[in-house]
Amino acid sequence: MTWTRIRTRRNSRSARAAWIALLIIGAPVPAFAQVCGDPALMRFEVTSKIVRSRVGFTQGLELRDGVLYESTGNIGGSTQLNTITLDGKVTTLADQGRRVFGEGLTILNDEVVQLTWQERQVFVYDLAGKLKRQMRNPCDGWGLSHDGTNLLFTDGGPSLYYADPKTFKIGKSVTIRAGKNSVAGVNELERVDGKLYGNIFTTRSIVRFDAQNGCIDAVADLGVLWEVMTPDERASTNSSENVLNGIAYDAKTGLFYLTGKRWKAIFVGRFRDAKP
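Attention here is on the structure that accompanies the text.

Basis of the calculations
- Along each chain, the written sequence defines residue order, and numbers are assigned to residues from 1.
- Given that this is a predicted model, residues contribute local features only at a pLDDT of at least 70 and side-chain atom pairs are listed and counted only at 80 or more, while totals for whole chains, interfaces and linings are drawn from all residues.
- In computing side-chain values, all of the structure's heavy atoms are included and hydrogens and water are not.
- Think of it in three bands: with a 1.4 Å probe and only protein chains considered, a residue is buried below 20% of the maximum accessible area for its type, exposed above 50%, and partly exposed in between.
- Comment: elements are numbered from the N terminus, with helices defined as DSSP H or I runs of at least four residues and strands as E runs of at least two.
- Two strands make a pair as long as DSSP finds a minimum of two bridges between them.
- By salt bridge we mean one thing: a side-chain nitrogen of Lys or Arg within 4 Å of a carboxyl oxygen of Asp or Glu.
- Pairing of aromatic rings covers Phe, Tyr and the six-membered ring of Trp, with a centre-to-centre limit of 6.5 Å; geometry is then stacked below 30 degrees between planes, edge-to-face above 60, and tilted otherwise.
- Whether a charge sits over a ring comes down to the Lys NZ or Arg CZ being within 6 Å of the ring centre and within 35 degrees of the ring normal.
- By definition, disulfides here are pairs of cysteine sulfur atoms that lie within 2.5 Å.
- Axis angles are defined between N-to-C directions and span 0 to 180 degrees, where every axis is a line fitted to C-alpha atoms and, for a helix, only to the segment in contact.

1. Section: the pairing of strand β4 (residues 67-72)
Working step 1: With respect to burial, β4 is a largely interior element, 5 of its 6 residues being buried.
Working step 2: Across 6 bridges, the pairing between strand β3 (residues 58-64) and β4 is antiparallel. Paired with threonine 58 across the strands is threonine 72, a residue of β4.
Working step 3: Taken together, β3 and the strand that follows it, β4, pair antiparallel across an intervening segment of 2 residues, in which aspartate 65 is found at a positive phi of about 55 degrees.
Working step 4: As paired strands, β4 and strand β5 (residues 79-84) are joined by 4 bridges and run antiparallel to one another. Within β5, the position partnered with tyrosine 69 by the bridge is threonine 83.

This is how it looks when you write it as structure tokens:
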């Protein structure tokens, strides 16, 4: 199939509506906190897609050496560490069964780190999926990334936490914010050029924010993905559980890989600044 670049159709009314929907997740920050500037709008250009050999309840996604690593939750399956080749073949490297609920994933220093949700266990694997050790998270686990030194994670609230990759001891936290409001529900994370991209749970929005001060500087409406889905792919998103969730990035090509929970496809493309 030949792909053309498809741009998100926007007008001022839909852009404002999307942003208001995002803001109501949050709450006012203290008066002494820095006020963030207004976020810009981004659009996502789809260039291709990967059809998976089997679906998973995607909770974390990251690209390493031309292969996607995936963490899954145990809804409709089990908590797994999978790889996905760029032609769609899914291979399970580790399976924790249904005793824990898998969450975010990142790769740092050749170690694959996988969070769990409320069990607060953190699994550390080698790149082949062999379990090396475990750590304890004092918070719930949601999204996970890193800055080359620290693990960066969210817990469903408006905080981004910095954790030691050897012990998971939390060093500091920052509040994720838009204007004067804190923003909760930032889920799957991916760090690109010093900024974090994150899904807003249950929405079609991805935000970009500064990990140092928590300010959201851009937001994208990913409704364009539904425009390019086949009827079968679109049907797989109809469940309230099967939401947008999964961001990976290839620094060599500048391509992002976006997907959702139990989606049949992973969409490949680039974020661009939206034109007024």
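2. A word on the pattern of salt bridges
It is possible for side chains bearing opposite charge to pair when their charged atoms get close.
Working step 1: This model, assessed by the stated rule, comprises 13 salt bridges.
Working step 2: The closest approach of N and O atoms between glutamate 111 and lysine 132, which form a salt bridge, is 2.9 Å. Here the residue glutamate 111 occupies a position in strand β8 (residues 111-116), and lysine 132 occupies one in strand β10 (residues 131-136), the gap between them amounting to 21 residues.
Working step 3: The class of glutamate 111 is buried, set by a relative accessible area of 10%.
Working step 4: Residue lysine 132 is classed as partly exposed on the basis of its relative accessible area, which comes to 48%.
Working step 5: One salt bridge in this structure joins arginine 133 and glutamate 111, with 2.8 Å as the shortest N-O distance. Placement of arginine 133 in strand β10 and of glutamate 111 in strand β8 is noted, with a sequence separation of 22 residues between them.
Working step 6: Judged by relative accessible area, arginine 133 falls into the partly exposed class, the value being 21%.
Working step 7: Shared partners join several salt bridges into a network, and the residues in it are Arg43, Glu45 and Arg272.

3. What to know about the packing of aromatic side chains
Working step 1: What the rule picks out here adds up to 13 aromatic pairs.
Working step 2: Measuring from ring centre to ring centre gives 5.0 Å for phenylalanine 153 and tyrosine 161, while their planes differ by 25 degrees; the resulting arrangement is stacked.
Working step 3: For tyrosine 161, a relative accessible area of 14% corresponds to the buried category.
Working step 4: Aromatic rings pair up to connect Phe44, Tyr197, Tyr249, Phe256 and Phe271 into one cluster.
Working step 5: One cation-aromatic arrangement involves lysine 172 over tyrosine 162; the distance from NZ or CZ to the ring centre is 4.5 Å.
Working step 6: Just above the ring of tryptophan 226 sits the side chain of arginine 204; from NZ or CZ to the centre is 3.8 Å.

4. Comments concerning the state of the cysteines
Working step 1: The tally for this structure, following the rule as stated, stands at 1 disulfide.
Working step 2: Bridging cysteine 36 to cysteine 215, the disulfide has an S-S length of 2.1 Å. Across the disulfide from cysteine 36 to cysteine 215, rotation about the S-S bond amounts to roughly -75 degrees, and the bridge is consequently left-handed. Taken together, the residues span a long stretch of sequence, with cysteine 36 in the loop between β1 (27-28) and β2 (40-51) and cysteine 215 in the loop between β19 (205-210) and β20 (216-221) at a distance of 179 residues.
Working step 3: Judged by its relative accessible area of 6%, cysteine 36 falls in the buried class.

5. Concerning the sheet that holds strand β22 (residues 255-260)
Working step 1: Read from one edge of the open sheet, 8 strands run β17-β18-β19-β20-β2-β23-β22-β21, paired in mixed fashion. Each of the sheet's edge strands pairs with one partner strand only, and the pair in question is β17 (186-192) and β21 (244-250). Going from strand to strand, the sheet's axes swing by 30 degrees on average, the running direction of each strand aside.
Working step 2: Here strand β18 (residues 195-200) runs beside β19; their pairing, made up of 5 bridges, is antiparallel.

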